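# Reading the structure
Single-letter residue listing:
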Amino acid sequence: MPRDDDYDDDDDRPRRRRRRPRGVPCPECGSEYQRPGPWPWYLGTLGMIFCKAVVCEECGHHFDAKKPRANLAARKRNLALAINGVGLLGIILVVGCLGAWFAYLMKR
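Now for a look at the structure at hand. (Residues numbered from 1 in each chain as written. Predicted model: local features only at pLDDT ≥ 70, side-chain atom pairs only at ≥ 80, totals over all residues. Heavy atoms only, no water.)

Before going further, it helps to spend a moment on the pattern of salt bridges. Summed over all chains, the structure comprises one salt bridge. Where Arg75 meets Asp64, a salt bridge forms, and the shortest distance between an N and an O atom there is 2.5 Å. Of the two residues, Arg75 sits in helix α2 (residues 72-107) while Asp64 sits in strand β3 (residues 62-64), which places them eleven residues apart along the sequence. For Arg75, a relative accessible area of 18% translates into the label buried. Residue Asp64 is classed as buried on the basis of its relative accessible area, which comes to 0%. (Salt bridge = Lys/Arg side-chain N within 4 Å of Asp/Glu carboxyl O. Helix = DSSP H or I, 4+ residues; strand = E, 2+ residues; numbered from the N terminus. Buried < 20%, exposed > 50% of the residue type's maximum accessible area, 1.4 Å probe, protein only.)

Aromatic ring pairs are defined here through the distance separating the ring centres and the angle between the ring planes. Inspection of the entire model under this criterion finds one aromatic pair. Judged by centre distance (5.4 Å) and plane angle (35°), the ring pair of Trp101 and Phe102 falls under tilted. By relative accessible area, Phe102 is classed as partly exposed at 45%. (Phe/Tyr/Trp six-rings, centres within 6.5 Å; stacked < 30°, edge-to-face > 60°.)

A few words on the pairing of strand β2 (residues 53-56). Residues Ala53 and Val55 of β2 are buried on one face, and the alternating residues Val54 and Cys56, pointing to the opposite face, are buried as well. Direction of pairing for strand β1 (residues 34-36) relative to β2: antiparallel, over a ladder of three bridges. Pairing of Gln34 across the sheet is with Cys56, part of β2. As paired elements, β2 and β3 share three bridges and run antiparallel to each other. (Pairing = 2+ DSSP bridges.)

Attention shifts here to the side chain of Ser31. Residue position: Ser31 is located in the segment before β1. With residues near it in sequence (within four places) discarded, Ser31 still touches Val24, Pro25, Cys26, Cys56 and Glu58. (Contact = heavy atoms within 4.5 Å.)

This next bit is on the nonpolar core. Membership of the largest hydrophobic core is limited to seven residues, which are Leu43, Cys51, Ala53, Leu72, Leu79, Ala80 and Ile83. Here this core takes four residues from α2, the largest share from any one element. Core analysis: the second largest hydrophobic core is formed by five residues, Cys26, Cys56, Phe63 and Ala65 among them. (Core = buried A, V, L, I, M, F, W, Y, C linked by side-chain atoms within 4.5 Å.)

Moving on, we come to the sheet that holds β1. Reading across from one edge, β1-β2-β3 is the order of the three strands in this open sheet, with antiparallel pairing throughout. If you trace the sheet from one side to the other, it starts and ends with β1 and β3, each paired once. For this sheet, the mean angle separating the axes of adjacent strands, direction not counted, is 40°. Taken strand by strand, α2 contacts β2 and β3, and its axis lies near 55° from that of β3. (Axes fitted to C-alpha atoms, helices over the stretch in contact; angles between N-to-C directions.)

Here α2 is 36 residues long and its end C-alpha atoms lie 52 Å apart, about the 52 Å a rise of 1.5 Å per residue gives. Buried residues of α2: Leu72, Ala74, Arg75, Lys76, Leu79, Ala80 and Ile83, and no others. Packing partners of the buried residues in α2 comprise α1 (44-50), β2 and β3. (Expected span 1.5 Å × (residues − 1).)

Here you go:
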């Protein structure tokens, strides 16, 4: 078992975390070092299934890891329109069905 005097106390530097390459290469610089990118609140969890925003640590380029060559801003906009449009259609459908049900009940 090592004793306390076996350790070198001269090296008090904090250990640096080793970066590991993750995911697809950046379309701008080709680096595989990336971190998760900012995610807008209006896309929610469902949007994360279709789009994975990442930021290249080498050049700072924002891109979608699932479709790296696509325009990330346009993908986020299209996803927002589609997801919120489906939600709006659902709300309209529920309100319309409730209205039809009340109209049916009033005729009786």
